[in-house]
Amino acid sequence: MLIAADKFKGSLTAVEVAEHVTAGLRRAVPGLDVAAVPVADGGDGTVAAALAAGFTRHEARATGPTGTPVTATFALRADGTAVVEMAEASGLQHLPGGVFAPLTATTYGTGELLLAALDAGATSIVFGVGGSATTDGGAGMLAALGARFLDADGEPVGPGGGPLRELATADLSGLDPRLARTEIVLASDVDNPLTGPKGAPAVYGPQKGADEDDVATLDAALAHYAEVLERAVGPKAAEYALAPGAGAAGGIGYGALVGLDAAFRPGIDVMLDVLGFGPALAKATFVITGEGSLDEQTLHGKAPAGVAAAARAAGLDVVAVCGRLQLPQEALDRAGIRRAYALTDLESDPARCMAEAGPLLERAAESLARDFLV
């Protein structure tokens, strides 16, 4: 049995999910051979999954999204592969008092985190983006890495996406030279462009506190930012603004594509490679995946869909565990998931379901084992 599940957000880490599923399975089938590869799709929880896979934990002080210092974690493997999660430095969880700052939140700390990974010896970086508090197009990140963004008076523009409307010149020549020797993979399940109706401000800005006027301000500011970058680095800046992934995490995807020469790949594909899922799958005869909510988003690049696709290609049966299930069986079938076991089927009260997720998950896994393994 191979357990390859993501976290149950707000309740259990991916490691804890695997532990509780294993306990439930072995109640029904004592001595069952179980292996676990906790997975993530590039969003929050990506570093934790890498640490569970044997990467070494590193910490660095970084600038939070509103300027308050934070302690951020990244993961590094002996071969020089680092996993850096932008939410560790610039995520919503670092907003003081949970107060949004849609126009001024900065990714500067993410740039500092990337520098820390380089200082620790990283030669390739898996850059997971998601859960950001920011919509600055990655300008803060690039500034921390050595770029200069100046207004008409030759002064640095302020932090965040809003002040980019005052941007007059951009200079990327001062970027840390190690970046040119470092393979950077932008791992994301977001394929939005930078601006427009499907761009970062319009689609994700409201989740970060942006009202209608803020969205319009940010969209215009990021469009202007792309125009200034086009003058600085050439036509690729305009091309990347339209590219899939440019709108990821408030446009930090755009900054990574233009400034870091990053390669965009679906987050779950990257992470399955990095976490050693392939070798584990080769030894498996049955696969269990899952996440907190199996819903329409799951089908668009989330971890369970990626795991199920790989397992199905290997000819293996896949079942899922989840906190709540919001997909009909036909959708599960199309994703390659034979059946899903939801905790809400065992406990209808959402608050209790989250509070007692561990024991409930063990009960669900026991039922799963009796249905498929006994």
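Here, every reference points to the structure presented above.
J.: How would you summarise the overall build of the protein chain if you had to cite specific residues and measurements?
T.: Looking only at helices and strands, one finds 15 helices and 13 strands in the protein chain. Its C-alpha atoms give the protein chain a radius of gyration of 21 Å, near enough to 21 Å, the size a compact globule of 374 residues would have. Dimensions of the protein chain, computed from C-alpha atoms along their principal axes, come out at roughly 75 × 45 × 35 Å. The buried share among the 374 residues of the protein chain stands at 56%. Expressed as a percentage of contacts within the protein chain between residues at least 6 apart in sequence, the contacts between residues at least 24 apart total 71%. Approximately 15,000 Å² of the protein chain is accessible, and the part contributed by carbon and sulfur atoms is 51%. Here the protein chain contributes 26 positively and 46 negatively charged side chains, and the mean placements of these two sets differ by 6 Å.

J.: Break down the packing of helix H1 (residues 14-28) against helix H15 (residues 357-372) for me, citing the residues and quoting the values.
T.: At a minimum axis distance of 7 Å, the contact between H1 and H15 shows a crossing angle of 45°. Looking at the two axes, H1 sits oblique to H15. Between H1 and H15 lies a crossing of right-handed hand. Across from Val17, His20, Val21, Ala23, Gly24, Leu25, Arg27 and Ala28 in H1, the residues of H15 making contact are Gly358, Leu361, Glu362, Arg363, Ala365, Glu366, Leu368, Ala369 and Arg370. Grouping the constituent residues of the contact of H1 with H15 by class yields nine nonpolar, three polar and five charged.

J.: Lay out the environment of Ser124 in plain terms, naming residues and giving numbers.
T.: By secondary structure assignment, the location of Ser124 is in strand S6 (residues 124-128). In contact with Ser124, other than residues within four places in its own chain, are Gly80, Thr81, Ala82, Thr182 and Glu183.

J.: Please provide a residue-by-residue account of the pairing of strand S13 (residues 339-342), values included.
T.: On a regular strand, one side chain projects to one face of the sheet and the next to the other, so that they alternate. Sheet topology places strand S12 (residues 317-325) next to S13; four bridges connect them, and they run parallel. Looking across to S13, one finds that Cys322 is bridged to Ala342. After leaving S12, the chain enters helix H13 (residues 329-335) and then returns to the sheet as S13, a path that is right-handed.

J.: Got a sec to walk through the environment of Gly251? Specific residues and values, please.
T.: Counting through the fold element by element, Gly251 comes out in helix H9 (residues 248-259). Under the relative-accessibility criterion, Gly251 is labelled buried at 0%. Apart from the residues within four sequence positions on either side, Gly251 is in contact with Gly137, Gly138, Leu194, Ala200 and Ala246.

J.: Lay out the pairing of strand S11 (residues 286-294) in plain terms, naming residues and giving numbers.
T.: Buried residues dominate S11, accounting for nine of its nine residues. Bridge count between strand S1 (residues 2-5) and S11: four bridges; the pairing is parallel. Counterpart to Leu2 in the pairing with S11 is Val287. In this sheet, S12 lies alongside S11 in parallel orientation, the contact comprising eight bridges. When the sheet's bridge partners are listed, Phe286 is paired in S12 with Asp317. Between the parallel elements S11 and S12, the chain passes through helix H12 (residues 303-313) in a crossover that is right-handed.

J.: So, the nonpolar core: which residues are in play, and what are the values?
T.: In this structure, Ile125, Phe127, Phe149, Tyr225 and Tyr254 are the most contacted members of the largest nonpolar core, which totals 56 residues. No other element matches the seven residues that H9 contributes to this core. Residue contacts for Ile125: discarding those within four places in its chain leaves Ala82, Val84, Leu114, Ala117, Leu118, Thr182, Glu183, Ile184 and Val185. With 41 residues, the next largest nonpolar core counts Val47, Phe277, Ala311 and Leu316 among its residues.

J.: Talk me through unusual backbone geometry; I want residue IDs and the actual numbers.
T.: Positive phi outside glycine occurs at Ala249, with the angle close to 50°. Inspection of the secondary structure puts Ala249 in helix H9. Of note, the phi angle at Asp261 is positive, near 55°, even though the residue is not glycine. Mapping Asp261 onto the fold places it in the loop between H9 and strand S10 (263-266).

J.: Give me the side chain of Lys208: which residues, what numbers.
T.: With respect to the helices and strands, the residue Lys208 is situated in the loop between helix H6 (200-204) and helix H7 (212-233). An unpaired buried charge is present at Lys208: no salt bridge exists, and Asp136, the closest side chain of opposite charge, is 8.4 Å distant. Among the polar contacts listed, one links the side chain of Lys208 to the backbone oxygen of Thr134, at a separation of 2.8 Å. Residues within four places of Lys208 in sequence aside, it is in contact with Leu92, Phe100, Ala101, Pro102, Ser132, Ala133, Thr134, Thr135, Ala249 and Gly250.

J.: Describe the sheet that holds S13, with residues and values.
T.: By definition, the strands of a sheet pair up through backbone hydrogen bonds, in either a parallel or an antiparallel sense. Taken in spatial order, the five strands of this open sheet run S2-S1-S11-S12-S13, and their pairing is parallel. Because the sheet does not close on itself, it has two edges, and the strands there are strand S2 (35-36) and S13. Where H1 meets the sheet, its contacts fall on S1, S2, S11 and S12, and the angle it forms with S1 comes to roughly 145°. Against the sheet, H12 makes contact with S1, S11 and S12, and its axis sits at roughly 160° relative to S11, the strand it touches most.

Cut-offs and rules
Residues numbered from 1 in each chain as written. Predicted model: local features only at pLDDT ≥ 70, side-chain atom pairs only at ≥ 80, totals over all residues. Heavy atoms only, no water. Helix = DSSP H or I, 4+ residues; strand = E, 2+ residues; numbered from the N terminus. Rg over C-alpha atoms; globule rule 2.2 N^0.38 Å. Buried < 20%, exposed > 50% of the residue type's maximum accessible area, 1.4 Å probe, protein only. Contact = heavy atoms within 4.5 Å. Areas by Shrake-Rupley, 256 points an atom, 1.4 Å probe, with all protein chains shown as cover. Lys, Arg positive; Asp, Glu negative; His and termini not counted. Charge placed at Lys NZ, Arg CZ, Asp CG, Glu CD. Axes fitted to C-alpha atoms, helices over the stretch in contact; angles between N-to-C directions. Parallel < 35°, antiparallel > 145°, perpendicular 65-115°, else oblique. Left-handed = near helix turned anticlockwise from the far one by under 90°. Nonpolar A, V, L, I, M, F, W, Y, C, P; charged D, E, K, R; others polar. Pairing = 2+ DSSP bridges. Right-handed = clockwise from strand over helix to strand, strands pointing away. Core = buried A, V, L, I, M, F, W, Y, C linked by side-chain atoms within 4.5 Å. Salt bridge = Lys/Arg side-chain N within 4 Å of Asp/Glu carboxyl O. Polar contact = N/O pair within 3.5 Å; in protein donor to acceptor, adjacent residues only side chain to side chain.

Read these as geometric descriptors, not functional statements.
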